[in-house]
There are 2 protein chains.
Amino acid sequence: MRRETSAPTMKDVAREAGVALGTVSKVVNGLPVGESYRIRVEDAIHKLNYQVNSYAQGLKANKTYTAALLIPNTINPFFASLAYYINIALMKRHYRMILCSTDFDPLLEQEYVTMAQQNKVDGIIGLTYNPTLIVEENTPFVSIDRSMGPHIPCVACDNFAGGQLAAEKLADLGCRNVAFLRNGSSLDNEPNKRKAGFENGCLSRGISYEMKILDDSAPYEEFEQFLSEHIHNGKLSFDGLFCVTDRLTYLISETLRRLNQRVPEDVQLIGFDGIRSFGDIDYRCSTIVQPVPEIAEMCVELLLQENMRTKPPLVCLPVSYAYGGTTLG
Amino acid sequence: MRRETSAPTMKDVAREAGVALGTVSKVVNGLPVGESYRIRVEDAIHKLNYQVNSYAQGLKANKTYTAALLIPNTINPFFASLAYYINIALMKRHYRMILCSTDFDPLLEQEYVTMAQQNKVDGIIGLTYNPTLIVEENTPFVSIDRSMGPHIPCVACDNFAGGQLAAEKLADLGCRNVAFLRNGSSLDNEPNKRKAGFENGCLSRGISYEMKILDDSAPYEEFEQFLSEHIHNGKLSFDGLFCVTDRLTYLISETLRRLNQRVPEDVQLIGFDGIRSFGDIDYRCSTIVQPVPEIAEMCVELLLQENMRTKPPLVCLPVSYAYGGTTLG
């Protein structure tokens, strides 16, 4: 009677299937058995609604079916969107995802990497700007936006192509004097290629350009000062601006309003990321859209792919342009 | 030599501390031992950098130090902010958080509840609008925004007070003819109290009001029609609108622009939630702000509090008003 009400065990499955206990164990752990045995065991598992004890399984197979995502936060809408799509991609593959909002805390980041090295999670997907983070060669780790070493795959959008596309788009829309505005981490990372791509695009289209690059510690006011200095007789000398993120585009458009410059009539703005109002309504500005669902899928594929002799060190995924009101088209 | 390079075991800790193996086990599992023993064991753990095997520990103590968050997605900025603060509150208490973006999938939600019942996670915090979700009485579950039964604590902001505050604020700002616009789930839930609170506020201030409530299946266009029908000689008959979310406020303000009504000069708008541009810049509209960090802390406190004889069935946390450009103040 007792067996009827308590959870079925592996022994119950073996009895139901009419096979040895070792056969059930092999099936549960994904090891090869004869096809007819596998079917009988799976039928019995289904019939008894047998649930694998994942802790016992974790001890045996050294697998946890759990991956961790290190991300600064889920408040920034780009990070929030990455977290969502990576979560969906992992769950589709029957993996659980531990979320670790790091707030850029290097100790916390290192702690989670240690968890992966101790097999407490099967792997880590990380977006980190921590230059001191140590990820050993054989740690299952996929990095977003920043290369962490030759044996750690890095996934990003094609930032160079994105910068180039922004320049070409501004040129196509009639701009002749443009500028690139950047703030954020000065650490060597993929998003830094937006600048080189933009320069390349300006040169190939023969439009003149300036750069205003602020490092981590510089206050936003330096952009205000830069723009003010480029206003002569009430008119900004730039007719197009490429801002490194949609967030910066928003701040710049507020500044331009205070300086009595109309967007997009006087100056056209293109941002980067593809952020939408409330996550899914309209684009906040004209923008280079990052392919977030594709970035998420690629990260998860590379993390869980065990039989690859050589993982690609850098994967760049294609970007696209979207109109969002801050350009003429 | 081998012991030097492989991970230290509990035996190594016992040898280093000069105590019995059982003493180390008690310390690791938080059971009482003499103070001097505890200190010696902790010193040895520290010196050897001994790492507790959390799977073995999970099997023994029936604890996983893991909680799951069920939330529709992290794309919607209100959900994204809840996910962030709950994540921080759990990690502060040395808990890992499994994120489960449900996309309102009832099967996925039930699967995670089953995980909690099988002790694969220590508990669940869930924001779900799934009326069929079965959470048994003794499951460690804390619900956000919707009561799931007498023994499952529910945490929400004070939605009634929020509705009342919106009405009072509109009255204070000079409005005399107002309306409440609501869409979303018609399921019995805490946010539905915004309506009753708003009515109460209008009645106490003696201003006239109308309600336009759309159920799940109604298209947004019904709001457009409702507003169009209330325009006479080019002028909207309402001078104030309370919209059930900031998201709806945004859509309504776009509609009003198409109908040639100026916000806030002709009609003032108040939303609900407290969403900011890019997560942390300015408010998207004048709004009733939900205390998200406090909601997150309360959920985690109630989930992890084991010794409470009676958990509170419903906790309502105070809201506040914030100016965001869609009102006169």
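Residues numbered from 1 in each chain as written. Chains lettered and ligands numbered in written order. Predicted model: local features only at pLDDT ≥ 70, side-chain atom pairs only at ≥ 80, totals over all residues. Heavy atoms only, no water.

(A) Quick look at the pairing of strand E1 (residues 66–71) of chain A. Residues and elements named next belong to chain A. Counting buried positions along E1 yields six of six residues, so the element is predominantly enclosed. Burial of E1 is two-sided: the residues Thr66, Ala68 and Leu70 facing one way and the residues Ala67, Leu69 and Ile71 facing the other way are all buried. The sheet contact formed by E1 and strand E2 (residues 96–101) spans six bridges and is parallel. Within the sheet, the bridge partner assigned to Ala67 lies in E2 and is Met97. The sheet contact formed by E1 and strand E3 (residues 123–126) spans four bridges and is parallel. If you follow Ala68 over to E3, its bridge partner there is Ile124. (Buried < 20%, exposed > 50% of the residue type's maximum accessible area, 1.4 Å probe, protein only. Helix = DSSP H or I, 4+ residues; strand = E, 2+ residues; numbered from the N terminus. Pairing = 2+ DSSP bridges.)

(B) Structural view of the interface of chain A and chain B. At the interface, 47 residues of chain A touch 47 residues of chain B. Roughly 4,200 Å² of surface becomes buried between chain A and chain B when both sides are summed, with 62% attributable to carbon and sulfur atoms. Seen at the junction of chain A and chain B, the total is two salt bridges. Across the salt bridge formed by Arg247(A) and Asp280(B), the nearest N and O atoms sit 2.5 Å from each other. Here chain A is connected to chain B by 19 residue pairs in polar contact (both at pLDDT 80 or more). Listed by contribution, the elements that provide at least two residues to the side of chain A that touches chain B are helix H5 (54–61), helix H6 (77–92), E2, helix H7 (106–117) and helix H11 (246–258) of chain A. It is H6(A) that contributes the most residues to the side of chain A that touches chain B, nine residues altogether. In the sheet, E2(A) pairs with strand E2 (residues 96–101) of chain B via three bridges, with the strands oriented antiparallel. The residue of E2(B) that forms the bridge with Leu99(A) is Met97(B). (Contact = heavy atoms within 4.5 Å. Buried area = accessible area lost by both parts, 1.4 Å probe. Salt bridge = Lys/Arg side-chain N within 4 Å of Asp/Glu carboxyl O. Polar contact = N/O pair within 3.5 Å; in protein donor to acceptor, adjacent residues only side chain to side chain.)

(C) Representation of the packing of helix H2 (residues 10–17) of chain B against helix H4 (residues 35–48) of chain B within the structure. All names here are of chain B. Two elements in contact, H2 and H4, have axes whose closest approach is 9 Å; the angle formed by their N-to-C orientations is 120°. With respect to their mutual orientation, H2 and H4 come out oblique. The handedness of the crossing between H2 and H4 is right-handed. Where H2 approaches H4, its residues Asp12, Val13, Glu16 and Ala17 are matched on the opposing element by Arg40, Val41, Ala44, Ile45, Lys47 and Leu48. (Axes fitted to C-alpha atoms, helices over the stretch in contact; angles between N-to-C directions. Parallel < 35°, antiparallel > 145°, perpendicular 65-115°, else oblique. Left-handed = near helix turned anticlockwise from the far one by under 90°.)

(D) Representation of the packing of aromatic side chains. Residues and elements named next belong to chain A. Under the defined criterion, the tally for this structure stands at 20 aromatic pairs over all chains. Seen in terms of ring centroids, Phe180 and Phe198 are 5.9 Å apart; in terms of plane orientation they differ by 35°. Their pairing is tilted. With Phe180 in strand E6 (residues 177–182) and Phe198 in helix H9 (residues 193–205), the pair connects residues that are 18 residues apart, well separated along the chain. The same class applies to Phe180 as to Phe198, namely buried. Note on Phe198 and Phe242: the rings are 5.1 Å apart at their centroids and 35° apart in plane angle, and the pair reads as tilted. Within this pair, whereas Phe198 is found in helix H9, its partner Phe242 is found in strand E10 (residues 240–243), the two being separated by 44 residues in sequence. Assessed through its relative accessible area of 0%, Phe198 is described here as buried. Look at Phe242 and you get buried, because its relative accessible area is 0%. (Phe/Tyr/Trp six-rings, centres within 6.5 Å; stacked < 30°, edge-to-face > 60°.)

(E) Representation of the sheet that holds strand E12 (residues 287–289) of chain A. Residues and elements named next belong to chain A. Strand order in the open sheet formed by six strands is E7-E6-E10-E11-E12-E14, and the pairing between neighbours is mixed. The sheet terminates laterally at strand E7 (208–213) and strand E14 (320–322), the two strands that pair on one side only. Adjacent strand axes in the sheet meet at a mean angle of 25° when their direction is disregarded. The strands touched by H9 are E6, E7, E10 and strand E11 (268–273); relative to E7, the strand with the most contacts, the crossing angle is about 165°.

(F) Spotlight on H9(A). All names here are of chain A. For H9, spanning 13 residues, the distance from its first C-alpha to its last is 18 Å, which sits close to the expected 18 Å at 1.5 Å a residue. Summarising the contacts, the buried residues of H9 are in contact with helix H8 (159–172), E6, E7, E10 and E11. The positive-phi residue at the C-terminal boundary of H9 is Gly206, with phi of around 65°. (Expected span 1.5 Å × (residues − 1).)

(G) Examining the domain arrangement of chain A more closely. Residue and element names in this part refer to chain A. Segmenting chain A into domains produces domain 1 (10–52), domain 2 (66–156 + 292–317) and domain 3 (159–291). A C-alpha centroid distance of 29 Å is found between domain 2 and domain 3. Counting from both sides, the interface comprises 15 residues of domain 2 and, opposite them, 12 residues of domain 3. Between domain 2 and domain 3, the buried area comes to about 1,100 Å², and carbon and sulfur atoms account for 65% of it. On the domain 2 side of the contact with domain 3, Phe78, Tyr129 and Asp145 bury the most area, a combined 40% of that side's loss. Taken together, the connections running from domain 2 to domain 3 amount to zero salt bridges. The tally of links from domain 2 across to domain 3 stands at four residue pairs in polar contact (both at pLDDT 80 or more). Elements that contribute at least two residues to the side of domain 2 that touches domain 3 include exactly H6, strand E5 (154–157), helix H12 (292–304) and strand E13 (314–317). With four residues, H12 is the single largest residue contributor to the side of domain 2 that touches domain 3. Per-class residue counts for the side of domain 2 that touches domain 3 are 12 nonpolar, no polar and three charged. (Domains from an automatic or database assignment. Nonpolar A, V, L, I, M, F, W, Y, C, P; charged D, E, K, R; others polar.)

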